[in-house]
Amino acid sequence: KTKKFMIAFQNSAEARGTGGILGAFAIIAMENGHLRVERTGSNIALKSLNEIPIPVPNEYTNLYRSDPAIWQNSNLSPHFPYGAKIWMALWEKQYNEKLDGVFAIDPTALSYILKATGPVQLVNGEKIDSDNVVFNTLSGAYKRFEKDNLARKKYLVDIINATFSKIVAGDFSKIPMAKAFRKGILENRILFFSND
C-alpha cells in the first residue's frame, strides 16, 4: 500500500514551537521501499482557514486562539502532533487527499543530509552543500531576496528539489545518511508523526 507523507521544511529563522515556520513542503509517496516525490512548493501554495481543523483541548485554544488555522502558525505549539495533524487536515481540505504522516526537518538537519549526498546544484548553477546551506537559507536568502519574498521562497524550494533528486536517485552514501538522520532526530531537528 502506498503511504503519503508531507515533509515540512521548518525555517528556524522565523521561530515556531516545533522549530520554525513552514517555509516549504514536499509530498512524498512510499511504496515497497521506493520513494517518489509527488509535489514540492512553498507555503504560498497552502491556503489557511479561519478555524483550527482538528479538535484541540481548551488550554490550547486559550493559548493560541485560532492562529494555528493559518498554515504558517499551525506549529505555534511545541507539541509536534498538533502541528502535524493540523497540517494534514489543512492539506486534506485543500487538496482532498489524505496523508499518512508528517516529517519536519530544519536547515541544520538538511546540512547533515547534504554531507551524505554531497553538494547539489541548483537550476541557476549555484552549488549548495553542507557548509553553506544553513547560512543561505537562514540568513543569506533574506538579504539576497529582501525585496522579493516570492524569489526567496522559490530559492528554498529549488534547494529541496535538488536534494530530493539525489535522494530519489540513490545518489548518496548509506551509512552517512543513516548517521545524518540519527543526529537530526536526537537533536529534535527531524520530527515525525504518523497516523499509523
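Above this text sits the structure in question.
Throughout what follows, the structure given in this document is the object of discussion.

Scoring rules and cut-offs
- Sequence order sets the numbering: in each chain, residues are counted from 1 along the sequence as written.
- Confidence filtering applies because this is a predicted model: local features only for residues at pLDDT of at least 70, side-chain atom pairs given and counted only at 80 or more, and all residues used for totals across whole chains, interfaces and linings.
- Side-chain measures here rest on the full set of heavy atoms in the structure, leaving out hydrogens and waters.
- A run of DSSP states H or I qualifies as a helix once it reaches four residues; a run of E qualifies as a strand once it reaches two. Both are numbered from the N-terminal end.
- With the radius of gyration taken over C-alpha atoms, the globule rule is written as 2.2 Å times the number of residues to the power 0.38.
- Only protein chains enter the accessibility calculation, which uses a 1.4 Å probe. A residue is then buried if its area is under 20% of the maximum for its type, exposed if over 50%, and partly exposed in between.
- For this analysis, residues touch if any pair of their heavy atoms sits within 4.5 Å.
- Where accessible areas are quoted, they stem from the Shrake-Rupley method and a 1.4 Å probe; at the residue level, only the protein chains shown are allowed to cover.
- Angles shown run from 0 to 180 degrees and are taken between the N-to-C directions of axes, each axis being a line fitted to C-alpha atoms and, for helices, limited to the stretch in contact.
- With respect to orientation, any angle under 35 degrees is reported as roughly parallel, any angle over 145 as roughly antiparallel, any angle of 65 to 115 as roughly perpendicular, and every other angle as oblique.
- Crossings are sorted by hand: turned counterclockwise from the far helix by less than a right angle, the near helix makes the crossing left-handed, and turned clockwise it makes it right-handed.
- Residues are grouped as follows: nonpolar covers Ala, Val, Leu, Ile, Met, Phe, Trp, Tyr, Cys and Pro; charged covers Asp, Glu, Lys and Arg; every other residue, Gly included, is treated as polar.

Digging into the overall build of the chain
Helix and strand counts for the chain stand at 6 helices and 7 strands. When the helices and strands of the chain are placed in sequence order, the string is β-β-β-α-α-β-α-β-β-α-α-α-β. What you see for the chain is a C-alpha radius of gyration of 16 Å, in line with the 16 Å of a compact globule of 196 residues. Every one of the 196 residues in the chain was classed for burial, and the buried ones make up 47%. For the chain, long-range pairs separated by at least 24 residues make up 59% of all intrachain contacts whose partners lie at least 6 apart in sequence. Accessible surface computed for the chain: about 10200 Å², of which carbon and sulfur atoms make up 53%.

Observations concerning the packing of helix α3 (residues 107-117) against helix α5 (residues 149-168)
Following both chains from N to C, one finds α3 and α5 inclined at 40°, their axes separated by 11 Å at the closest point. Classified by the interaxial angle, the pair formed by α3 and α5 is oblique. At the point where α3 passes α5, the crossing takes the left-handed sense. Here Leu-110, Ile-113, Leu-114 and Thr-117 of α3 come into contact with α5, specifically with Ile-159, Thr-163, Lys-166 and Ile-167. Classifying every residue of the contact of α3 with α5 by side-chain character gives 5 nonpolar, 2 polar and 1 charged.

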